[in-house]
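# Chain and residue survey
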Amino acid sequence: RLSAVTELSKRLVAQTSVDVEGLVREDFARVLAIAIDLAGLAGTGNAGQPLGILGTAGVGSVTFGAAATWAKMLEFEQSVSNANALAGSLAFVLSPNVRFKLRQAPKIPASPYPVFVLGDDNRIAGYKTAITKQVTGDKVIFANWADLVIADWIGMDVVVDPYSLADQHKLKVTINMLADVGMLIVTFS
């Protein structure tokens, strides 16, 4: 269960020329999307939180041991390929810290114009990359994102309460969502 709450002054709602309802809906959608991303990537599996990719057993891994290199980044592709899973919506997810390092890591240290592991096109070995603070430290995820399932049961349930903060001339808006995250993991024996 995801929930978010905000308060709006009745004056803002009455006097503004901006679509306040649209702004609030957009903000709620962004906040809930960030929470779902966190659950899918790094959820702990505790206290009702889904277990994310980083905590799921059976997910392959690549150990850097030192600085990120072109060869190490290609190991992600090789690992997925060895599991016969190199298909679908493949992409890397990086922390901002890793992005910073990969933009400086030479793929081809040719002079005068070196080529870096993460180029200006935001791709690694031809695969798209996404950057998020939901992946902390020096972690990198390479996956078929079509295998990450996000379930949503009721959409966004919006409740506008004009009573509990009436003495402050405010509206209280609460949004609830029922969602879960899971992965399709195929093993071969």
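In this report, the structure presented in the accompanying data block is examined. (Residues numbered from 1 in each chain as written. Predicted model: local features only at pLDDT ≥ 70, side-chain atom pairs only at ≥ 80, totals over all residues. Heavy atoms only, no water.)

Strand pairing in a sheet takes place through backbone hydrogen bonds and is either antiparallel or parallel in direction. If you trace the four strands from one edge of the open sheet to the other, you get β5-β6-β2-β7, paired in mixed fashion. Edge strands, defined here as strands with exactly one partner in the open sheet, are β5 (123–124) and β7 (140–144). Both strand β2 (residues 90–94) and β7 contribute to a ladder of five bridges, which runs antiparallel. Paired with Leu94 across the strands is Val140, a residue of β7. Taken strand by strand, helix α3 (residues 70–82) contacts β2, β5, β6 (127–131) and β7, and its axis lies near 30° from that of β7. (Pairing = 2+ DSSP bridges. Helix = DSSP H or I, 4+ residues; strand = E, 2+ residues; numbered from the N terminus. Contact = heavy atoms within 4.5 Å. Axes fitted to C-alpha atoms, helices over the stretch in contact; angles between N-to-C directions.)

As a further point, take the nonpolar core. Of all hydrophobic cores here, the largest spans 17 residues; its most connected members are Met73, Phe76, Phe92, Leu94, Leu102, Ile124 and Val140. Those elements that provide at least two residues to this core are α3, β2, α4 (96–102) and β7. Apart from residues no more than four positions distant in its own chain, Phe76 is found in contact with Val62, Phe64, Phe92, Val140 and Phe142. Counting 12 residues, the second-largest nonpolar core is a separate cluster that includes Val20, Leu32, Val173 and Met177. (Core = buried A, V, L, I, M, F, W, Y, C linked by side-chain atoms within 4.5 Å. Buried < 20%, exposed > 50% of the residue type's maximum accessible area, 1.4 Å probe, protein only.)

Turning next to the sheet that holds strand β1 (residues 2–9). A sheet is described by the order of its strands in space; here three strands give the open sequence β1-β10-β9, paired in antiparallel fashion. In this open sheet, the two edge strands, each paired with only one partner strand, are β1 and β9 (157–161). On average, each strand axis in the sheet is tilted by 15° relative to the strand beside it, whichever way the strands run. Packed onto the sheet, helix α2 (residues 20–42) meets β1, β9 and β10 (170–177) and runs at close to 155° relative to β1.

Quick look at α3 now. Over its 13 residues, α3 extends 18 Å from the first C-alpha to the last, a length consistent with the 18 Å expected when each residue adds 1.5 Å. For α3, the complete set of buried residues consists of Lys72, Met73, Phe76 and Val80. Buried residues along α3 sit against β2, α4, β5 and β7. Looking one or two residues beyond α3, the residue adopting positive phi is Asn84, at roughly 55°. (Expected span 1.5 Å × (residues − 1).)

What follows covers the packing of aromatic side chains. Applying the stated criterion across every chain yields a total of four aromatic pairs. A centroid spacing of 4.5 Å and a plane angle of 35° characterise the contact between Phe92 and Phe142, whose relative ring orientation is tilted. You can see Phe92 sitting in strand β2 and its partner Phe142 sitting in strand β7, a full 50 residues away along the chain. Like Phe92, the residue Phe142 is buried in the burial classification. (Phe/Tyr/Trp six-rings, centres within 6.5 Å; stacked < 30°, edge-to-face > 60°.)

Before going further, it helps to spend a moment on unusual backbone geometry. Residues apart from glycine generally show negative phi values, whereas peptide bonds are mostly found in trans. The residue Ala125 is not glycine, and still its phi comes out positive at about 55°. One can find Ala125 in the loop between β5 and β6. Backbone geometry at His169 places phi at a positive 60°, although glycine is not the residue there. Checked against the element boundaries, His169 lands in the loop between β9 and β10. We classify His169 as partly exposed; its relative accessible area is 46%.

Moving on, we get to the pattern of salt bridges. Oppositely charged side chains can pair when the atoms bearing their charge come close. Inspection of the entire model under this criterion finds six salt bridges. Of the charged contacts, one joins Asp27 and Arg30 as a salt bridge, the two residues approaching to 2.6 Å between their closest N and O atoms. Note that Asp27 and Arg30 are positioned in helix α2 at a spacing of three residues, about one turn of the helix. Given the relative accessible area of 37%, Asp27 is considered partly exposed. Residue class for Arg30 comes out partly exposed when judged on its relative accessible area of 46%. Among the salt bridges present, the one from Lys72 reaches Glu75, with a minimum N-O distance of 3.4 Å. You can see Lys72 and its partner Glu75 sitting in helix α3, three residues apart, about one turn around the helix. (Salt bridge = Lys/Arg side-chain N within 4 Å of Asp/Glu carboxyl O.)

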